[in-house]
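One letter stands for each residue in the lines below.
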Number of protein chains: 2
Amino acid sequence: MGELNKTKCVSCSEGLPPLAERESEELLKEIPEWVIVSEDGVSRLVRTFTFENFREAMAFAGSVGELAESEQHHPKLVTEWGKVRVEWWTHAVHGLHMNDFVMAARTDELFQEL
Amino acid sequence: MGELNKTKCVSCSEGLPPLAERESEELLKEIPEWVIVSEDGVSRLVRTFTFENFREAMAFAGSVGELAESEQHHPKLVTEWGKVRVEWWTHAVHGLHMNDFVMAARTDELFQEL
């Protein structure tokens, strides 16, 4: 996954533009399990992780939540029996920021450490 | 909320019919903060709980998850900054079972205890 997972979030301000599509597509190569999904015109990075049961899914969601708090960058987490869908995007830019790719790579890393 | 919150889940089998609409509407009066939402033809009980921040939302999702494990009846939990959407339905009946109303009432109780 390149070096994205070694990176920390940077602060980003309201009104900045989101990443250009070309930049996003390039970064996506480093996190090939993720897809870009547009919801209400806002691009998000989305990946669904699967587990053996509800308890493992909840535990993973909790770990991603702790990562989110540590960086003060927060995803949407959809937890069901045996799966967690994680969605990263940046409210301040109404779309994708480098931070989202960093967080996606670090989410992958959490999953690999299980 | 009547006595729903004092009730435990009962076991239910594949192939049983879901509750009739009339029964669901009657039970819904006991949990007035919830709405019935149909997704892919399957009715679900849905309520969104709001919080001051991400950490409180995660903590509540965790509590609902523990309740779910204790009853072995599992919801969909959609956690974002400041909110958790909880969805209860019963796979085995492809819709709503009394258990879902019990779990919704007990979810309300968890929220009231915060």
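These numbers come from a predicted model, not from an experiment.

Asker: Just give me the short version of the packing of helix α2 (residues 54–71) of chain A against helix α3 (residues 98–112) of chain A, but keep the residues and values in it.
Answerer: Residues and elements named next belong to chain A. Here α2 crosses α3 at 140°, and the two axes come no closer than 10 Å. The angle between the axes of α2 and α3 places the two elements in the oblique class. Read as a crossing pair, α2 and α3 show a hand that is right-handed. Residues F60, S63, V64, L67, A68 and E71 of α2 form the contact with α3, whose participating residues are M103, R106, T107, L110 and F111. A breakdown of the residues in the contact of α2 with α3 according to their chemical character gives seven nonpolar, two polar and two charged.

Asker: How would you summarise the sheet that holds strand β4 (residues 83–88) of chain B if you had to cite specific residues and measurements?
Answerer: On the basis of which strands lie adjacent, the open sheet formed by eight strands has the order β1(A)-β2(A)-β4(A)-β3(A)-β3(B)-β4(B)-β2(B)-β1(B) and antiparallel pairing. Each of the sheet's edge strands pairs with one partner strand only, and the pair in question is β1 (35–39) of chain A together with β1 (35–39) of chain B. Sheet twist, expressed as the mean angle between neighbouring strand axes with direction ignored, is 25°. Bridging between strand β2 (residues 42–50) of chain A and strand β4 (residues 83–88) of chain A involves six bridges; their strand directions are antiparallel. In the strand pairing of β4(A), A:T50 is matched with A:K83.

Asker: For the side chain of B:D108, give the residues involved together with the corresponding values.
Answerer: Residues and elements named next belong to chain B. Position of D108 relative to the elements: it lies in helix α3 (residues 98–112). Overall, D108 belongs to the buried group, its relative accessible area being 4%. Within the local environment of D108, its side chain forms a polar contact with the side chain of R47, the two groups lying 2.6 Å apart.

Asker: Tell me about the pattern of salt bridges, residues and numbers included.
Answerer: Residues and elements named next belong to chain A. Under the counting rule described, the total for this entry stands at 16 salt bridges over all chains. A salt bridge links R44 to E87, with the nearest nitrogen and oxygen atoms 2.6 Å apart. Note that R44 is positioned in strand β2 and E87 in strand β4, a separation of 43 residues in sequence. Neither residue differs from the other here; R44 and E87 are each classed as buried. The partner of E87 in a salt bridge is R85, with the nearest N and O atoms 2.8 Å apart. Assessed through its relative accessible area of 3%, E87 is described here as buried. Salt bridges sharing partners connect three or more residues here, namely E39, R44, R85 and E87.

Asker: Explain the interface of chain B and chain A residue by residue, including any values.
Answerer: Contacts between the two partners involve 17 residues from chain B and, on the opposite side, 17 residues from chain A. When the buried surface of chain B facing chain A is broken down by residue, B:F54, B:E69 and B:L77 rank first, second and third, together holding 32% of it. Viewed at the interface, chain A and chain B are joined by two salt bridges. A:E69 is paired through a salt bridge with B:R55; the nearest N and O atoms lie 3.3 Å apart. On the surface where chain B and chain A come into contact, there are four residue pairs in polar contact (both at pLDDT 80 or more). The greatest single-element share of the side of chain B that touches chain A, amounting to eight residues, is contributed by helix α2 (residues 54–71) of chain B. Note: strand β3 (residues 76–80) of chain A against strand β3 (residues 76–80) of chain B, three bridges, orientation antiparallel. From the neighbouring strand, A:V78 faces β3(B), where its bridge partner is B:V78.

Asker: Now, about the relation of the copies chain B and chain A: what can you tell me, with residues and values included?
Answerer: Its rotation angle being 180°, the transformation that places chain B on chain A also includes 0.0 Å of axial translation and leaves an RMSD of 0.0 Å. Put plainly, the chains are arranged around a two-fold axis. Taking C-alpha positions as reference, the residue of chain B nearest the rotation axis is B:V78, located at 2.2 Å. Mapped onto chain A, 100% of the interface residues of chain B again fall at the interface, so both copies present the same surface.

Asker: So, the side chain of B:D100: which residues are in play, and what are the values?
Answerer: All names here are of chain B. Along the chain, the position of D100 falls in helix α3. A distance of 2.8 Å separates the side chain of D100 from the backbone nitrogen of H97, its partner in a polar contact. D100 has contacts with L45, H73, W88, W89, T90 and G95, leaving out every residue within four places of it along the chain.

About the criteria used
Residues numbered from 1 in each chain as written. Chains lettered and ligands numbered in written order. Predicted model: local features only at pLDDT ≥ 70, side-chain atom pairs only at ≥ 80, totals over all residues. Heavy atoms only, no water. Axes fitted to C-alpha atoms, helices over the stretch in contact; angles between N-to-C directions. Helix = DSSP H or I, 4+ residues; strand = E, 2+ residues; numbered from the N terminus. Parallel < 35°, antiparallel > 145°, perpendicular 65-115°, else oblique. Left-handed = near helix turned anticlockwise from the far one by under 90°. Contact = heavy atoms within 4.5 Å. Nonpolar A, V, L, I, M, F, W, Y, C, P; charged D, E, K, R; others polar. Pairing = 2+ DSSP bridges. Buried < 20%, exposed > 50% of the residue type's maximum accessible area, 1.4 Å probe, protein only. Polar contact = N/O pair within 3.5 Å; in protein donor to acceptor, adjacent residues only side chain to side chain. Salt bridge = Lys/Arg side-chain N within 4 Å of Asp/Glu carboxyl O. Buried area = accessible area lost by both parts, 1.4 Å probe. Least-squares fit on C-alpha atoms with pLDDT ≥ 70 in both.

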